[in-house]
Amino acid sequence: MGDRGNRTDAYIVCYAPTMITTNGIWQGDNPLDYSLPLFILQLTLVVAATRMFVFILRPFRQPRVIAEILGGVVLGPSVLGKSEVFANAIFPLRSVMVIETMANVGLLYFLFLVGVEMDVTILRSVGRKAVFAAISGMVLPFIIGASFSFLSNRHTLNSDINQGTYILFLGVALSVTAFPVLARILAELKLINTDLGRLALSSALINDVCAWILLALAIALAENETSSFASLWVLLSGAAFVAFCIYAVRPAASWVVRKTPEGESFSEFYISLILAGVMISGFITDAIGTHSVFGAFVFGLAIPSGPLGVTLVEKLEDFVSGLLLPLFFAISGLKTDIGLVRGSWTWSILIFVIFLACIGKIIGTLAVAFFYQMPIREGATLGLLMNTKGLIELIVLNVGKDQKIFDEASFAVMVVITVIMTGVVVPVVSIIYRPSRGNINYKRRSIQISKPDGEFRILVCVHSPRNVPTMINLLEASNPTKNSPICLYMLHLVELSGRTSAMLIVHNTTKPEQVALNRTEAQSDHIITAFKNYEQNTSFVSVQPLTAVSPYSTMHEDICNLAQEKRVSLIIIPFHKQQTVDGGMEPTNMSFRTINQNVLANAPCSVGILVDRGLNGLNRLDSNQVSHHVAIMFFGGPDDREALCYGWRMFEHTAISLTIMRFVPGEKASEPVHQHGINPDEPSVLTVETDNDIEKRIDDKLIHEFRMRYLNDDSFNYFEKVVNNGEETVAAIRTMDDIHDLFIVGRGHGMISPLTAGLTDWSECPEMGAIGDLLASSDFAASASVLVVQQYVGLGSNGDGLETPVDSEEFYNNSVDITHHSGASRRHTVFNTERITPHNL
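Given the structure is predicted, the values throughout are model-derived calculations rather than measurements. (Residues numbered from 1 in each chain as written. Predicted model: local features only at pLDDT ≥ 70, side-chain atom pairs only at ≥ 80, totals over all residues. Heavy atoms only, no water.)

On a plain count of helices and strands, the protein chain comes out with 28 helices and 15 strands. For the protein chain, the proportion of its 841 residues judged to be buried stands at 53%. Taking the intrachain contacts of the protein chain between residues at least 6 apart in sequence as the baseline, contacts between residues at least 24 apart amount to 81%. Accessible surface for the protein chain amounts to roughly 38,300 Å². Of this, 58% is attributable to carbon and sulfur atoms. (Helix = DSSP H or I, 4+ residues; strand = E, 2+ residues; numbered from the N terminus. Buried < 20%, exposed > 50% of the residue type's maximum accessible area, 1.4 Å probe, protein only. Contact = heavy atoms within 4.5 Å. Areas by Shrake-Rupley, 256 points an atom, 1.4 Å probe, with all protein chains shown as cover.)

Right under this line is the structure:
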């Protein structure tokens with residue numbers, strides 16, 4: 001007993017097992033006196049307050065971190081916490097340890113996820129502009145923070161803290177840019193795939209790396225003021241930990257990826273080991289004198305991106321980001337007592353510091369913009385975006401408060417600065433920067449009016465290596481010649497997971513290949529190699545491989561922006577279904593269908609959707625024999641004319657035979673149904689009928705020119721099918737033989753034809769058009785690939801950058817003035833003179 005008494009005198013510990021869980025209210029217990037039910041109630045209130053502010057701030061497009069901080073502020077001493085009854089019942093001092101521990105666990109795993117999703121290899125490809133923008137955006141705010149530290153030193157600085165440490169903490173807090181928060185803001189503003197968005201994300205990534213280094217230095221100095229050698233050991237041991245993660249953890253994780261067969265899930269043992277490694281890393285870095293989140297972040301960086309990273313994100317993100325992380329932001333709000341920021345002097349200093357910090361980043365980025373001859377508005381927008389605050393700044397502030405560097409008042413001031421600086425970013429950027437890609441106009445946006453002796457520019461989109469063989473055969477069939485070479489932009493579409501930056505990667509094919517780190521890179525390497533080999537073995541074709549990494553919801557923006565920038569005439573994208581072994585069609589990814597629909601709606605040029613059924617597999621075209629039999633279904637209208645012009649270009653290839661089947665309405669074909677409520681005697685209906693007559697006249701002239709040119713060519717066949725309704729159209733299509741390798745058909749958007757009446761009622765994929773949907777369906781018993789073409793018709797400009805369609809008659813008159821040329825005549829015809837045609841290849 002004596003020994004026990006001595007121990008009690010030395011360590012006074014008040015603990016009762018019953019303090020964790022309650023026996024129930026029926027036993028007379030108050031649940032709020034026990035740790036677990038109290039924590040559950042606190043977590044519920046934090047999540048509810050956070051979601052309430054998310055809903056309130058959604059119209060203002062504010063980032064989620066603002067809502068999470070404000071939720072904590074409302075629950076803290078600034079609002080509800082002013083009531084001692086509420087504060088003592090819901091957030092008593094005895095509960096602080098539990099809720100902060102759980103918040104830091106959530107923070108630990110969140111930083112691990114940020115590290116997993118952050119591709120450090122991007123830093124290798126970051127240009128000088130991003131580096132200069134990041135550095136210049138940090139220097140001035142850091143200097144302002146240092147100046148403010150001297151200004152506030154008399155009132156806020158703990159006498160036990162070195163002035164240099166205080167400057168370091170304050171400078172980091174004001175100069176840092178929150179990379180994850182910025183990525184979300186750019187996605188909200190639809191800027192993530194623009195040049196400015198990519199520059200901002202690259203700069204923020206560099207800024208984050210610098211901030212972590214400065215934070216580690218600041219913590220080392222704060223915790224080891226008594227010994228400079230101790231600070232040195234902290235930095236050296238931190239560097240040793242980083243080296244261990246690079247040279248031990250990353251190879252081990254790569255070994256796990258290689259050992260797991262492709263397509264199979266990772267073993268629970270490996271996943272559990274990695275999750276335990278996060279805790280161990282946090283423990284190690286905390287023990288050596290840096291913050292535990294630094295260890296988790298570096299450990300996450302060591303995990304290679306790819307299937308393993310995706311698996312970890314899928315398992316953790318919803319729970320960590322949705323439940324545990326709001327606790328950390330809420331605690332920052334709970335510690336904030338805005339009532340301490342009192343007096344006109346304090347508020348004037350606060351506003352002055354916010355203004356100077358914002359202006360500091362803007363001036364720094366404007367200097368970079370001026371040096372690189374960027375527009376002033378873009379430079380100012382970049383500076384505003386770099387003012388985004390969030391996670392790392394709150395970590396700096398909380399660590400500073402724990403180390404007694406910031407008192408209650410200065411902590412409250414810094415939290416207010418964080419909220420205001422981040423909150424003004426979205427509204428101000430929305431006002432001063434409105435990119436309009438429609439201002440860049442070019443005329444050759446369709447095959448029908450492309451230059452006869454110029455480059456034929458094509459953008460080919462690829463999801464996987466499975467798309468490659470048919471795409472290459474289609475390109476070869478497109479007849480690259482000396483007078484009309486093909487300039488090909490190959491875009492590998494990769495889904496962006498998590499919060500890392502969307503990017504457009506331009507591959508340098510002259511550099512030696514590097515070893516792929518994950519499945520996505522391996523796929524890109526295979527795809528690029530296939531197109532490089534095609535370029536080397538084919539004359540008059542140049543290939544520029546690119547990779548677009550973006551969310552499926554915005555992937556069409558990458559495609560359309562690239563098509564606009566490169567001034568292509570045709571985008572070719574794969575159909576969202578693939579052929580099965582038994583000849584049926586099954587979806588590969590329904591998100592691909594959404595991408596196709598968005599591209600059709602927003603493309604700045606003509607679009608072709610390719611239904612891949614082989615197109616002779618891997619066999620290249622042989623110029624000595626007919627390799628491909630192409631059939632064109634012609635109903636009339638701009639899309640069908642575009643399909644015919646593409647087929648015309650193909651027919652110039654000596655290895656192509658072509659069949660045109662034109663569908664002509666019979667006597668029983670019903671007239672187009674007018675819209676309900678319109679009087680047939682009104683002039684508007686007469687205008688519609690006149691437009692239809694013009695369209696038919698253009699169709700007839702184009703068909704006539706084509707037939708006259710190749711009238712005596714044995715490889716050209718022309719048929720006319722007289723049909724009266726959609727049912728007869730389907731029957732006529734089914735009578736076509738199986739010798740064809742490729743069907744080309746116009747999408748027919750906007751056309752009302754009695755020949756396809758009723759087909760759209762049961763159409764499975766309306767974006768393919770009535771005939772394209774029929775040919776692509778599993779019910780259509782054919783092994784031929786299908787190319788559904790939509791012509792770009794926005795050929796005029798109304799003066800404000802928005803595209804407007806050109807009158808059909810004017811379009812025809814303009815297009816018939818150009819003489820058709822061919823790089824090399826594919827066959828001898830009965831005509832010795834060149835004929836004027838309404839298309840130009």
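This paragraph deals with the nonpolar core. Core analysis: the biggest nonpolar cluster contains 129 residues, and Phe112 and Ile395 have the highest contact counts within it. Setting aside chain neighbours within four positions, we find isoleucine 395 in contact with Leu107, Leu111, Trp212, Leu215, Val293 and Phe328. Leu459, Cys487, Ile595 and Ala603 belong to the second largest nonpolar core, which has 52 residues in total. (Core = buried A, V, L, I, M, F, W, Y, C linked by side-chain atoms within 4.5 Å.)

For aspartate 640, the location among the structural elements is in helix α24 (residues 638-651). Among the polar contacts made by the side chain of aspartate 640, one reaches the main-chain amide nitrogen of glycine 636 at a distance of 3.2 Å. Those residues in contact with aspartate 640 that sit more than four places away from it in its chain are Met633, Phe634, Phe635 and Gly746. (Polar contact = N/O pair within 3.5 Å; in protein donor to acceptor, adjacent residues only side chain to side chain.)

Glancing now at a nonpolar patch on the surface. A contiguous nonpolar surface patch, about 400 Å² in accessible area, is contributed by Ile135, Val139, Leu140, Ile143 and Ile363. When residues of the nonpolar patch are assigned to their parent elements, the largest contribution, four residues, is made by helix α7 (residues 128-156). Its place among the elements puts isoleucine 363 in helix α15 (residues 344-371). (Patch = residues over 30% accessible without salt bridge, like charges linked within 9 Å, V, L, I, M, F, W, Y side chains within 5 Å. Salt bridge = Lys/Arg side-chain N within 4 Å of Asp/Glu carboxyl O.)

All right, on to unusual backbone geometry then. Here the phi dihedral of glutamine 373 falls at roughly 60 degrees; this positive angle occurs in a residue that is not glycine. Backbone geometry at arginine 567 places phi at a positive 55 degrees, although glycine is not the residue there. With respect to the secondary-structure elements, arginine 567 resides in the loop between α22 (555-566) and β5 (570-574).

This part takes up the pattern of salt bridges. With the rule as written, the count across this model stands at 14 salt bridges. Here lysine 401 makes a salt bridge to glutamate 408, at a shortest N to O gap of 3.1 Å. For lysine 401, a relative accessible area of 16% translates into the label buried. Overall, the relative accessible area of 38% leaves glutamate 408 in the partly exposed class. For the salt bridge of aspartate 699 with arginine 641, the shortest nitrogen-to-oxygen distance reads 2.7 Å. Of this pair, aspartate 699 sits in helix α25 (residues 683-709) while arginine 641 sits in helix α24, and the two are 58 residues apart along the sequence.

Tracing the backbone through its elements, the reader meets leucine 391 in helix α17 (residues 391-402). Judged by relative accessible area, leucine 391 falls into the buried class, the value being 7%. Along the backbone, leucine 391 and leucine 111 are 280 residues apart, and their C-alpha atoms lie at a distance of 9.3 Å.

This paragraph deals with helix α18 (residues 408-423). Structural remark: α-helix, 3.6 residues per turn; residues separated by three or four positions point the same way. Between its first and last C-alpha atoms α18 spans 22 Å; for 16 residues at 1.5 Å apiece the expected length is 22 Å, and the two agree. Judged by how many residues are buried, α18 sits mostly within the fold: 13 of 16 residues are covered. (Expected span 1.5 Å × (residues − 1).)

Turning our attention to the packing of helix α16 (residues 376-385) against helix α19 (residues 425-432). Packing of α16 against α19 leaves a shortest axis separation of 10 Å and a crossing angle of 170 degrees. Taken together, the axis directions place α16 and α19 in an arrangement best described as roughly antiparallel. Side by side, α16 and α19 meet where Arg377, Ala380, Thr381, Leu384 and Leu385 of the first sit next to Val425, Val428, Val429 and Ile432 of the second. Within the contact of α16 with α19, the residues separate by chemical class into seven nonpolar, one polar and one charged. (Axes fitted to C-alpha atoms, helices over the stretch in contact; angles between N-to-C directions. Parallel < 35°, antiparallel > 145°, perpendicular 65-115°, else oblique. Nonpolar A, V, L, I, M, F, W, Y, C, P; charged D, E, K, R; others polar.)

The next thing to look at is the environment of glycine 364. Within the fold, glycine 364 resides in helix α15. Note: C-alpha distance between glycine 364 and valine 139 (225 residues apart in sequence) is 7.9 Å. Once residues within four sequence positions are removed from consideration, glycine 364 is found in contact with Ser136 and Leu140.

For strand β4 (residues 541-550), the tally of buried residues reaches eight of ten residues, placing the bulk of the element in the interior. The pairing of strand β2 (residues 486-495) with β4 spans ten bridges and is parallel. Of the residues in β4, the one forming a bridge with glutamate 495 is serine 550. (Pairing = 2+ DSSP bridges.)

For the rest of this paragraph, the subject is the environment of proline 326. Tracing the backbone through its elements, the reader meets proline 326 in helix α14 (residues 307-334). Separated by 275 residues in sequence, proline 326 and arginine 51 have C-alpha atoms that sit 9.9 Å apart. Those residues in contact with proline 326 that sit more than four places away from it in its chain are Val46, Thr50, Arg64, Glu68, Val320 and Ser321.

Applying the stated criterion to the full structure yields 17 aromatic pairs. Aromatic pair phenylalanine 86 and phenylalanine 91: ring centres 6.2 Å apart, planes at 55 degrees, arrangement tilted. A residue is classified by how much of its surface remains accessible, and phenylalanine 91, at 16% relative accessible area, is buried. Three or more aromatic residues joined by ring pairs make a cluster, and in this case those are Trp648, Phe651, Phe706, Tyr710 and Phe716. (Phe/Tyr/Trp six-rings, centres within 6.5 Å; stacked < 30°, edge-to-face > 60°.)

As a further point, take the side chain of histidine 463. Tracing the backbone through its elements, the reader meets histidine 463 in the loop between β1 (456-462) and α20 (468-477). Take histidine 463: its relative accessible area is 9%, and that puts it in the buried class.

Once that is clear, we can look at the confidence of the model for the protein chain. Averaged over the protein chain, the pLDDT score is 78; the fraction of residues at 70 or greater is 78%. Note on residues 617-626: pLDDT is under 50 here. Beyond four places in sequence and across chains, it has 25 contacts. Long-range and interchain partners of residues 795-841, a stretch whose pLDDT sits below 50, account for 113 contacts in this model, where long-range means more than four residues apart. (pLDDT = per-residue confidence, 0-100.)

Attention now goes to α14. Under the 1.5 Å per step criterion, the end-to-end length of α14 is 38 Å for 28 residues, consistent within 8% with the ideal 40 Å. Remark: the principal bend of α14, roughly 45 degrees, maps to leucine 316. (Bend = angle between axes of the 7 residues up to and from the residue.)

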